[in-house]
Amino acid sequence: MEKAAELEFKFKGSRTYVHGTDIYNGIADFARNQFGLDELSDINYTLHRIMKTQLRIEAFKNEKVRRRDDTCVDFQCRSGNDTWQFLLAENGKPVTGRYEYPEDDIVALCTCDLNAKNISLTKATPFTDIEVIVAMNKGLVQQLFREAPGKWFFTKLEMNRFERKSQYANLTLTLVRNLGLKLTKTCVVMDGRELGHIYFSIV
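Residues numbered from 1 in each chain as written. Predicted model: local features only at pLDDT ≥ 70, side-chain atom pairs only at ≥ 80, totals over all residues. Heavy atoms only, no water.

## Quick notes on the side chain of threonine 186
Part 1 of the reasoning: Along the polypeptide, threonine 186 turns up in strand 12 (residues 183–190).
Part 2 of the reasoning: Within the structure, threonine 186 has its side chain in polar contact with the side chain of asparagine 137 (distance 2.7 Å). (Helix = DSSP H or I, 4+ residues; strand = E, 2+ residues; numbered from the N terminus. Polar contact = N/O pair within 3.5 Å; in protein donor to acceptor, adjacent residues only side chain to side chain.)

Written out as structure tokens, the structure reads:
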């Protein structure tokens, strides 16, 4: 193990769990600040459960580590010639902060085509790429599967590279697969270039 540390997060909006977008950006910040990793590629990011407390992160370089029973998040990527894995688990410390997150404002800017099973955005927002992608996909699956019982959660992301806030003319998400109403896979395309896939599960 290269390093372990405690991370601190705030709740988004009225949520009572730590949001996957904040964890994703938080891991990238940790990788940059602790190891100078400015370019992350071949990202495989998995959220294994809902997290309601602060998190402890462990970083591993050029080794594949099995997740433990308490592992909540598994973030794997490449940087240069090295492979990196970041495992996170709850540490039991309470989340005390909270900030506004007008997610619906993002969706309101989008155009949704239910026949094509896609949602598109052509306007700039003040949010990070992952926040926009997650909000758009949530809007898409809620429109496509209105009868679905439960709540949709962001559970996995596969991306070619990490970008915090891109400049683009068009961002389009298209549903490519769904296993009943339990799991969806959506393709993310920015200005005609495929970036990866995002997965949602219903709980």
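## Describing the sheet that holds strand 13 (residues 193–202)
To summarise the sheet geometry, strands pair through backbone hydrogen bonds and adopt either a parallel or an antiparallel arrangement.
Part 1 of the reasoning: The strand order 1-4-6-5-3-10-13-12-11-9-8 describes an open sheet built from 11 strands, whose pairing is antiparallel. Each edge of the sheet is formed by a strand with only one pairing partner; in this case those strands are strand 1 (3–7) and strand 8 (111–113). Strand-to-strand twist across the sheet, computed as the mean angle between neighbouring axes with direction ignored, equals 20°.
Part 2 of the reasoning: As paired elements, strand 12 and strand 13 share eight bridges and run antiparallel to each other. Bridging from a neighbouring strand, lysine 185 pairs with tyrosine 199 of strand 13.
Part 3 of the reasoning: Across the face of the sheet, helix 3 (residues 129–144) comes into contact with strand 8, strand 9 (118–121), strand 10 (152–161), strand 11 (171–179), strand 12 and strand 13 while running at roughly 50° to strand 11. (Pairing = 2+ DSSP bridges. Axes fitted to C-alpha atoms, helices over the stretch in contact; angles between N-to-C directions. Contact = heavy atoms within 4.5 Å.)

## A look at helix 3
Part 1 of the reasoning: Between its first and last C-alpha atoms helix 3 spans 22 Å; for 16 residues at 1.5 Å apiece the expected length is 22 Å, and the two agree.
Part 2 of the reasoning: Across the 16 residues that make up helix 3, a large majority, 14, are buried. (Expected span 1.5 Å × (residues − 1). Buried < 20%, exposed > 50% of the residue type's maximum accessible area, 1.4 Å probe, protein only.)

## Some words on the environment of phenylalanine 86
Part 1 of the reasoning: Mapped onto the elements, phenylalanine 86 comes out in strand 6 (residues 82–94).
Part 2 of the reasoning: Residue phenylalanine 86 is classed as buried on the basis of its relative accessible area, which comes to 0%.
Part 3 of the reasoning: Distance in space between the C-alpha atoms of phenylalanine 86 and leucine 179 is 28 Å, their sequence separation being 93 residues.
Part 4 of the reasoning: If we ignore the near neighbours within four places in the chain, the residues touching phenylalanine 86 are Ile27, Phe30, Ala31, Phe35, Leu37, Ile57, Glu58, Ala59, Val73, Asp74, Phe75 and Cys77.

## Description of the packing of aromatic side chains
Part 1 of the reasoning: If you walk through the whole model with that rule in mind, you get 14 aromatic pairs.
Part 2 of the reasoning: Taking the centre distance of 5.9 Å and the plane angle of 80° together, the rings of phenylalanine 30 and phenylalanine 35 count as edge-to-face.
Part 3 of the reasoning: Relative accessible area serves as the criterion here: at 6%, phenylalanine 30 is assigned to the buried category.
Part 4 of the reasoning: Overall, phenylalanine 35 belongs to the partly exposed group, its relative accessible area being 23%.
Part 5 of the reasoning: Taken together, the ring pairs connect Tyr24, Phe30, Phe35, Tyr45, Phe75, Trp84, Phe86, Phe154, Phe162 and Phe200 into an aromatic cluster.
Part 6 of the reasoning: Above the face of the phenylalanine 153 ring, lysine 151 is positioned so that its terminal group lies 5.8 Å from the ring centre.
Part 7 of the reasoning: Directly above the aromatic system of tyrosine 199 lies the positively charged group of lysine 156, at a separation of 5.4 Å from the ring centroid. (Phe/Tyr/Trp six-rings, centres within 6.5 Å; stacked < 30°, edge-to-face > 60°. Lys NZ or Arg CZ within 6 Å of the ring centre and 35° of its normal.)

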